[in-house]
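If you want the building blocks of each chain, they are given just below.
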Amino acid sequence: MRMRIVRAELRAFVLPLVAPLATAHGPIAERAGWLVTLEDEDGRIGQGEATPLPDFGGEDLAACRAALRAALPTLVDGAARTLDEALEQIEPSFAARPVARAALESALAALAAQREGMTLAAWIRRRAGLPGSPASDVRVQALVAGATPDEVTASARRALGQGFTVFKLKLGADRDVDADRDLARVAALRAAIGPGGRIRLDANEAWTRAEAERVLARLAPFAIEFVEQPVVRTDLDGLAALDRAGPIAVAADEALIGDGLAACLARRAARIIVVKPAVLGGIGPAIALAARARAAGVRIVYSNLIEGRVGRETATAIAAALALPNADGTAEVHGLGTAALLARDLEPAGEGWAAPTSEGERLELDAGWLARFACAHRDGAARDAAALVCEDHAYPYTALMAAVRAADGALGAAGFEAGDLVAVLAPPSPAGVVLIHAMLERRVVLLPLNLRLTEVELARALATTRPTALVVTEALDRDLAARLARAGGCRLFALGSGAGDAALQVVLAPRSPGQSSESTPTPTPTHPSPRWARLDDRARHSRRSGRLSSC
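Quick caveat, the model's predicted, so the values are computed rather than measured.

**Q** Would you mind going over the pattern of salt bridges with me for this structure?
**A** Pairs can form between side chains of opposite charge once their charged atoms are near each other. For the coordinates displayed, the defined rule picks out 32 salt bridges. Its salt-bridge partner being Glu9, residue Arg11 comes within 3.5 Å of it at the nearest N-O pair. Grouping residues by exposure puts Arg11 and Glu9 together as buried. In this structure, Asp42 and Arg44 form a salt bridge, with 3.0 Å as the shortest nitrogen-oxygen distance. Salt bridges sharing partners connect three or more residues here, namely Asp40, Glu41, Asp42, Arg44 and Arg115.

Rendered as structure tokens:
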């Protein structure tokens, strides 16, 4: 079934944890990511979440954003595609970017499932070629937090009170080879949940093979179900030896990254694998992995990257669609019970989910204006019709299109390229309309900044997103503009804001003090602006004197 994507949105979010989670890869205090929203021609909404965690597999946040920014414009071009055609169209953007790919595939799959009147889990199961219906519910484990035995006890009792029967605890955070502290934490967990509770441990590659042998031997009396990734991901022989001869079963996790699954299956490195769909690249790769694991008789536990609600719901749908009963006929318990770790989550807002914070980047692409603009251009009778009315001045399509072409040329002369992130801080105006159209024509990614934000909030947004350039109106305070450009480490441009036709010209100021003359050529303004030349000189002088600093 074909679908036409008419709008795409990419929004940044930050989800703080209730308390930092200690792991062998370092503490995790917050989860930052990107919420992808797609809308089809019938108004349906599909969403996906990209919340990367590089040390646990996948790309970092900047690489994830770059891949999504490159892929989204190719979908919003007015063409109707099947899901597979859409995936083929965007695939070049996702080399070694599995988390970004997973988010966009999830959004597309959510739309496809809605169009066919199916739940996402049912749609995934059918796509995998499996008979019957997905599981009606998914059992999940609790991730117990706590650096001390007392903290572990308190966390475990909270989870026990919520009805959990399977508990996972991270080990190896302090690299204590003797493991005395971890042993005390495991003992506290067993005492808190009693003999009937099931314990799973996760070392996140903390130990060498010899260290793992000693630690696991000491942990055996606590009746551990299995331990995830006790050795580094590349030591498949060590993983296999521990799994076969050790007192505790071993599960492969980080070892599956990239092409690790094939190697793990070939060497029979572990009887259990922990699968994070976002690390694999999404629904399609998860379906392929599940088929191979089933054929090899390997047990799968589905997990996630401590994601927000959108990511967890996708991972849960995959588990419901693909999971099989264990050898004893019981339902598997998956590693998807991480919601309690978050102090704030993605919240429902109308159709779909919204980020809980306005910090960071928000990109919106709309195919509708392209279609309307093109139709008016082709229709000679409409060329002189008013396309834009501002106060008492009307701009016909011909004048607007000419201004867009001129602005596009100015952007090109200034060195703007497709995929560049450009921040704009300016009130609505004819010049702003022209600039936005020119940026979209050049496939520049637009980051609109809210004039109602404080200077500190604006500086934080720029420092977080690191845009290529900042465009402001000439009415903005010159010192504020310089400070913001410095905070973002970007070039500074001024946008003309006068009345009449002159307002349709983009006025380019010299680069900001954050750019060196060797790295960035000075753009040539399309209209002289001595005021902004003086601003740039003043900012560079202030930098030399040490007075100009980021907020």
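**Q** Help me understand the layout of surface pockets in this model?
**A** If a probe as big as a water molecule is rolled over the atoms, it shows which places are left empty. In this structure, the second largest pocket encloses a volume near 480 Å³. Lining the second largest pocket are 23 residues, and of these Leu143, Ala145, Ser155, Arg158 and Leu341 sit closest to its centre. Taken together, the elements giving at least two residues each to the lining of the second largest pocket come down to β1 (3-21), β5 (139-144) and α5 (149-161). Its residues assigned to classes, the lining of the second largest pocket shows 14 nonpolar, five polar and four charged.

**Q** Looking at this model, I keep getting lost on empty space enclosed by the protein. Mind explaining?
**A** This model, assessed by the stated rule, comprises five cavities of 30 Å³ or more. Of the volumes computed, that of the largest cavity is approximately 160 Å³. As for the largest cavity, its lining consists of 20 residues, of which Leu143, Lys168, Lys170, Asn304 and Ile306 are closest to the centre. Every element with two or more residues in the lining of the largest cavity is listed here: β5, β6 (166-170) and β12 (333-337). Its residues assigned to classes, the lining of the largest cavity shows nine nonpolar, seven polar and four charged. Size it by volume and the second largest cavity reaches roughly 100 Å³. Ala102, Ser106, Ala278, Glu307 and Thr314 are the residues nearest the centre of the second largest cavity, which is lined by 13 residues in total.

**Q** Sorry if this is basic, but what is going on with helix α9 (residues 260-267) here?
**A** All of the buried residues along α9 are Gly260, Leu261, Cys264 and Leu265. Within α9, the buried residues cover an arc of 130° as seen down the axis, which keeps them to one side. Buried residues in α9 make contact with α8 (236-245), β9 (249-252), β10 (272-275) and α11 (283-296). Note on α9: the residue one or two positions beyond its end, Arg268, has a positive phi of about 50°.

**Q** How should the sheet that holds strand β8 (residues 224-228) be read in this particular structure?
**A** Note: strands within a sheet are paired through backbone hydrogen bonds, in either parallel or antiparallel orientation. Pairing is parallel in the open sheet, where eight strands are placed in the order β11-β10-β9-β8-β7-β6-β5-β12. Either end of the sheet is taken by a strand with one partner, and the two such strands are β11 (299-302) and β12. Taking each pair of neighbouring strands and ignoring which way they run, the sheet shows an average axis angle of 35°. Of the pairings in the sheet, the one linking β9 to β10 comprises two bridges and is parallel in character. Residue pairing for β10: Ala251 is matched across the bridge by Ile272.

**Q** Looking at this structure, I do not really get the environment of Asp259. What am I missing?
**A** Position of Asp259 among the secondary structure elements: in the loop between β9 and α9. Taking relative accessible area as the criterion, Asp259 reaches 69% and is therefore assigned exposed. Considered as a pair, Asp259 and Leu280 are 21 residues apart in the sequence and their alpha carbons are 9.5 Å apart.

**Q** Would you take a moment to explain the packing of aromatic side chains for this structure?
**A** Each aromatic ring pair is characterised by the separation of its centres together with the angle its planes make. Taken as a whole and judged by the stated rule, the model has one aromatic pair. The ring of Phe416 carries Arg491 above its face, with NZ or CZ at 5.1 Å from the centroid.

**Q** Explain the packing of α8 against α9 here, please?
**A** Helix-helix packing: each pair is described by the crossing angle between the helix axes and the interaxial distance. Axis separation between α8 and α9 bottoms out at 10 Å; the angle between their running directions is 45°. Judged by the inter-axis angle, α8 sits oblique to α9. Judged by the twist between their axes, the crossing of α8 over α9 is right-handed. For the pair α8 and α9, contact is made by Leu236, Asp237, Ala240 and Arg244 and by Ala263, Cys264 and Arg267, respectively.

**Q** Just checking my understanding: could you explain the side chain of Arg200 for this structure?
**A** Position of Arg200 relative to the elements: it lies in strand β7 (residues 198-202). The residues touching Arg200, leaving out its near neighbours within four places in the chain, are Gln141, Val166, Phe167, Lys168, Leu169, Glu225, Phe226, Arg299, Val301, Glu332 and Val333.

**Q** Help me understand the side chain of Arg81, please; the structure alone is not making it clear to me.
**A** Structurally, Arg81 can be placed in strand β4 (residues 80-81). Classification of Arg81 as buried rests on a relative accessible area of 11%. A polar atom in the side chain of Arg81 sits 3.4 Å from the backbone oxygen of Thr74. Residue contacts for Arg81: discarding those within four places in its chain leaves Met1, Arg2, Met3, Thr74, Leu75, Ala86 and Gln89.

**Q** What should I look at first to understand the nonpolar core in this one?
**A** For soluble globular proteins, nonpolar side chains are generally found buried alongside one another. Judged by nonpolar contacts, the single largest core of 116 residues is most densely connected at Leu38 and Leu219. The dominant element in this core, judged by the number of residues it contributes, is helix α3 (residues 98-115), at eleven residues. Membership of the second largest hydrophobic core comes to 20 residues, among which are Leu425, Ala459, Leu470 and Leu476.

**Q** For this particular structure, what's the right way to read the pairing of β8?
**A** Within a regular strand, side chains alternate between the sheet's two faces. Among the five residues in β8, four count as buried, and that is most of the element. With four bridges connecting them, β7 and β8 associate as parallel partners. Across the sheet, the residue bridging to Leu201 is Val227, located in β8. For the segment spanning β7, helix α7 (residues 209-219) and β8, crossover handedness is right-handed.

**Q** It is not clear to me how the environment of Ala240 should be interpreted in this structure. Could you clarify?
**A** Following the sequence through the fold, Ala240 ends up in helix α8. The spacing of Ala240 and Arg271 is 31 residues in sequence and 8.8 Å in space, taken between C-alpha atoms. Discounting residues that sit within four places of it in the chain, Ala240 has contacts with Arg267, Arg268 and Ala269.

**Q** Quick question: what am I supposed to make of the confidence of the model for the chain here?
**A** Any segment with low pLDDT has predicted coordinates that should not be analysed in fine detail. Within the chain, residue pLDDT values average 81, and 80% of them lie at 70 or more. Confidence drops under pLDDT 50 across residues 498-505; counting only partners more than four residues distant or on other chains, this segment forms 15 contacts.

**Q** For this particular structure, what's the right way to read unusual backbone geometry?
**A** Negative phi is the rule for most residues except glycine; trans is the rule for most peptide bonds. The phi torsion at Gln229 lies on the positive side, around 40°, for a residue other than glycine. Relative to the helices and strands, Gln229 resides in the loop between β8 and α8. Here Gln229 falls in the buried class, since its relative accessible area comes to 0%. Residues other than glycine seldom take positive phi values, yet Arg443 does so here, at roughly 60°. You can see Arg443 is positioned in the loop between α15 (430-441) and β19 (445-448).

Cut-offs used in this document
- Residues numbered from 1 in each chain as written.
- Predicted model: local features only at pLDDT ≥ 70, side-chain atom pairs only at ≥ 80, totals over all residues.
- Heavy atoms only, no water.
- Salt bridge = Lys/Arg side-chain N within 4 Å of Asp/Glu carboxyl O.
- Buried < 20%, exposed > 50% of the residue type's maximum accessible area, 1.4 Å probe, protein only.
- 1 Å grid on protein atoms, 1.4 Å probe; cavity = no way out; pocket = protein on both sides within 12 Å on 5 of 7 lines; lining within 4 Å.
- Points joined across faces, edges and corners; volume = space filled by probe spheres on them.
- Helix = DSSP H or I, 4+ residues; strand = E, 2+ residues; numbered from the N terminus.
- Nonpolar A, V, L, I, M, F, W, Y, C, P; charged D, E, K, R; others polar.
- Arc of directions from axis to C-beta.
- Contact = heavy atoms within 4.5 Å.
- Pairing = 2+ DSSP bridges.
- Axes fitted to C-alpha atoms, helices over the stretch in contact; angles between N-to-C directions.
- Phe/Tyr/Trp six-rings, centres within 6.5 Å; stacked < 30°, edge-to-face > 60°.
- Lys NZ or Arg CZ within 6 Å of the ring centre and 35° of its normal.
- Parallel < 35°, antiparallel > 145°, perpendicular 65-115°, else oblique.
- Left-handed = near helix turned anticlockwise from the far one by under 90°.
- Polar contact = N/O pair within 3.5 Å; in protein donor to acceptor, adjacent residues only side chain to side chain.
- Core = buried A, V, L, I, M, F, W, Y, C linked by side-chain atoms within 4.5 Å.
- Right-handed = clockwise from strand over helix to strand, strands pointing away.
- pLDDT = per-residue confidence, 0-100.

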